[in-house]
Amino acid sequence: MRTKDYIEIENEFGAHNYHPLDVVVEKAEGCWVTDVDGKKYLDCLAAYSAVNQGHCNPKIFKTFVEQASKVTLTSRAFRNDQLPKFYKKLNELTGYEMSLPMNSGAEAVESAIKLARRWAYDVKGVAENKAEIIVASGNFHGRTTTIVGFSDDPSSFKGFGPYCKEAFPMHEYGNLEDLRSKVTPNTAAVLIEPIQGEGGVVIPPDGYLKGVEKICKENNILFITDEIQSGLGRAGKLFAHYYEGVRPNMVIIGKALSGGFYPVSAVLADKNVMLVIKPGEHGSTFGGNPLGTAVAVRALEVLEEDNLIERSNEMGEYFMEKLRSIKSPMIDFVRGRGLWIGFVLKTKARRYCEMLKEEGILCKETHENIIRFAPPLIIKKEEIDWAIEKIEKVVKALDN
Ligand SMILES: Cc1ncc(COP(=O)(O)O)c(C=O)c1O
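Predicted model, so just to flag it, every value in this text is computed and none were measured. (Residues numbered from 1 in each chain as written. Predicted model: local features only at pLDDT ≥ 70, side-chain atom pairs only at ≥ 80, totals over all residues.)

**Student:** Please provide a residue-by-residue account of the overall build of the protein, values included.
**Tutor:** The helix and strand tally for the protein stands at 14 helices and 15 strands. For the protein, whose C-alpha radius of gyration is 21 Å, the value lies close to the compact-globule estimate of 21 Å for 400 residues. Expressed as lengths along the three principal axes of its C-alpha atoms, the size of the protein is roughly 60 × 55 × 45 Å. Burial analysis of the protein (400 residues in total) assigns 47% to the buried set. Restricting the contact set of the protein to residue pairs at least 6 apart, pairs at least 24 apart contribute 74%. (Helix = DSSP H or I, 4+ residues; strand = E, 2+ residues; numbered from the N terminus. Rg over C-alpha atoms; globule rule 2.2 N^0.38 Å. Buried ≥ 20, exposed ≤ 12 C-beta atoms within 10 Å, placed from the backbone. Contact = placed C-beta atoms within 7 Å.)

**Student:** Which residues make up the site of the ligand, and what are the values?
**Tutor:** Near the ligand you find 15 residues, and of these Ser104, Gly105, Ala106, Gly142 and Gln229 are the closest. Among the elements that line the shell around the ligand, the one with the most residues is helix H5 (residues 105–124), at three residues. Across the shell around the ligand, the residue classes tally to five nonpolar, seven polar and three charged. (Near = placed C-beta within 6 Å. Nonpolar A, V, L, I, M, F, W, Y, C, P; charged D, E, K, R; others polar.)

**Student:** Which residues make up the pairing of strand E7 (residues 187–192), and what values go with them?
**Tutor:** In summary, the side chains of a regular strand alternate between the two faces of the sheet. Most of E7 is tucked away, with six of its six residues classed as buried. In terms of strand pairing, E7 meets strand E8 (residues 222–226) through four bridges, oriented parallel. Its bridge partner being in E8, alanine 189 is matched across the sheet by leucine 222. (Pairing = 2+ DSSP bridges.)

**Student:** Explain the domain arrangement of the protein to me, and be specific about the residues and the numbers.
**Tutor:** Domain boundaries in the protein define domain 1 (3–57 + 307–399) and domain 2 (71–305). With centres defined by C-alpha atoms, the gap from domain 1 to domain 2 works out at 27 Å. Counting from both sides, the interface comprises 28 residues of domain 1 and, opposite them, 23 residues of domain 2. Only helix H2 (46–49), helix H12 (308–324), strand E11 (331–336), strand E12 (341–345) and strand E15 (370–373) provide two or more residues apiece to the side of domain 1 that touches domain 2. (Domains from an automatic or database assignment.)

**Student:** An account of the packing of helix H3 (residues 58–68) against helix H11 (residues 290–305) is requested, with residue identities and associated values reported.
**Tutor:** Contact geometry of H3 with H11 gives a least axis separation of 9 Å together with a crossing angle of 160°. Between H3 and H11, the angle falls in the class roughly antiparallel. Relative to H11, the crossing made by H3 is right-handed. Contacts between H3 and H11 involve Lys59, Ile60, Thr63, Phe64, Gln67 and Ala68 on the former and, on the latter, Pro290, Leu291, Ala294, Val295, Arg298, Ala299 and Val302. Partitioned by chemical class, the residues of the contact of H3 with H11 number nine nonpolar, two polar and two charged. (Axes fitted to C-alpha atoms, helices over the stretch in contact; angles between N-to-C directions. Parallel < 35°, antiparallel > 145°, perpendicular 65-115°, else oblique. Left-handed = near helix turned anticlockwise from the far one by under 90°.)

**Student:** Report on unusual backbone geometry, specifying residues and quantitative values.
**Tutor:** At the junction of glycine 161 and proline 162, the peptide bond is cis and its omega measures out at 10° in the coordinates. Relative to the elements of secondary structure, proline 162 occurs in the loop between helix H7 (154–157) and strand E6 (170–171). For alanine 46, which is not glycine, the phi torsion reads 55° and is therefore positive. Inspection of the secondary structure assignment puts alanine 46 in helix H2. Taking the number of C-beta atoms within 10 Å as the measure of exposure, alanine 46 has 28 and is therefore buried.

**Student:** Requested: an account of helix H14 (residues 381–399), with residues and values cited.
**Tutor:** Taking 1.5 Å per residue as the helical rise, H14 with its 19 residues ought to reach 27 Å, and the 26 Å between its terminal C-alpha atoms agrees with that figure. Among the residues making up H14, those that are buried are Ile384, Ala387, Ile391, Val394 and Val395. Down the axis, H14 shows its buried residues gathered within 100° of arc, on one side only. Exposed residues pointing more than 90 degrees away from the buried face of H14 are listed as Glu382, Asp385, Glu389 and Ala397. Buried residues in H14 make contact with strand E3 (40–43), H12, E11, helix H13 (350–358) and strand E13 (361–362). (Expected span 1.5 Å × (residues − 1). Arc of directions from axis to C-beta.)

**Student:** Could you give me a rundown of the packing of H12 against H14, with the residues and numbers involved?
**Tutor:** How two helices pack is summed up by the angle between their axes together with the distance between the axes. Taken N-terminus to C-terminus, the directions of H12 and H14 make an angle of 20°; their axes are 10 Å apart at the nearest point. On the basis of the axis angle, H12 is roughly parallel to H14. Between H12 and H14 the crossing geometry is right-handed. Mapping the contact onto sequence places Met315, Tyr318, Phe319 and Lys322 in H12 and Lys381, Ile384 and Ile388 in H14. Among the residues making up the contact of H12 with H14, the classes are represented as five nonpolar, no polar and two charged.

**Student:** Which residues make up the pairing of E12, and what values do they have?
**Tutor:** Extensive coverage of E12 is indicated by the burial of four of its five residues. With four bridges connecting them, E12 and E15 associate as antiparallel partners. If you follow glycine 342 over to E15, its bridge partner there is arginine 372.

**Student:** I'd love a proper account of the nonpolar core, names of residues and values included.
**Tutor:** Core analysis: the largest hydrophobic core is formed by 111 residues, its most contacted members being Ala116, Val190, Leu222 and Met250. Taken domain by domain, this core gets at least three of its residues from each of domain 1 (3–57 + 307–399) and domain 2 (71–305). Once you skip the residues sitting within four places of it in the chain, leucine 222 turns out to touch Ala116, Trp119, Ala188, Ala189, Cys216, Asn249, Met250 and Val273. (Core = buried A, V, L, I, M, F, W, Y, C linked by C-beta atoms within 7 Å.)

**Student:** I'd like a description of the sheet that holds strand E10 (residues 265–269), backed by residues and values.
**Tutor:** Across a sheet, strands are paired by hydrogen bonds formed along the backbone, either parallel or antiparallel in direction. Here seven strands make up an open sheet; going across it, the order is E4-E10-E9-E8-E7-E5-E6 and the pairing mixed. Unpaired on one side and paired on the other, strand E4 (98–102) and E6 mark the two borders of the sheet. Where strand E5 (residues 132–136) lies against E7, three bridges are found, and the strand directions are parallel. Residue glutamate 132 lies in a different strand from E7, and its bridge partner there is threonine 187. Here helix H9 (residues 208–218) sits on the sheet and contacts E7 and E8; the angle it forms with E8, its principal contact strand, is near 150°.

Structure (structure tokens):
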């Protein structure tokens, strides 16, 4: 079977909830993927940052296979010998006293929402069913019905309601005055992405995160950052909120927590928040399973052992500098942090992505006019140089 045969089957028998580029990946290693026709591509999306450590990372793979040959799933009805190591590793790495393991990113966001609401009722004293969580314009936190209910992107929320809008007031991302105006005695938490990934690598104004923290402290509100995409090195630090030296009450992580082997997500918090949920009140059959947690510990170790956070910084600067040197009337600007780059065009980005694919680079447009370049953090200078040549070629071709 060739590319077109796979696509035909997919289109016929699969739900049409994505609009992927027409490349059918068969295998991958490091920063490179190979399609079913044998063509190689440089992956500049890294599974939306889930494969920060590179595709099929050999160290994580070894742990994955070893653990899969012992025990994969116990459910939380019984304890397993990997989960304690996962808790300990996250505590040592992040300084948060506790963590709550889940699977997908959206589930971890849901878990943080439940924790915040329960904290509001049990600790803050908000009346039952009145807790509000302030979110930001342009947010992306996943696809559950609760989460899409507080998105302002019609392709996320339209046709899936009804929603409980008053439970999630929205402020303008980056605007502290607007945030302050949304605070009420019932505000349980403020939930934001420290940099908005799906929004197109949107970096808030300097001082915003510090301001959010201050408003939260002054009003006895929990500050929650969703670091599912921005965290674990993608933005050039362990967490993107480190750029402003803040310490949120809850941090949500996922994606690269597994190195792309297995869905693992988690909420990090201190005991004063985490222990508001009691046994039997929240859980997931697969959350905290031995395979996922063993893989996650190894995925975190690889970030440290291979200095991937420093690399993200260094290579990100290099990539951005090179992108900025490309001259074209169609390029608006280049922004980013670490290896998380928004290449903002004055025109639609889809054509560029399709042509880049022909040249052997995989990336995806976001919000019509933005291309996000987010390769695995192991990318080398030579690979960036190679990519720049191709990107320049495509930009020039489309200029003409
Ligand atoms: C910031 C953020 N939060 C949550 C999610 C949802 O994660 P998942 O797709 O694993 O449910 C994503 C996914 O892109 C994300 O970028």
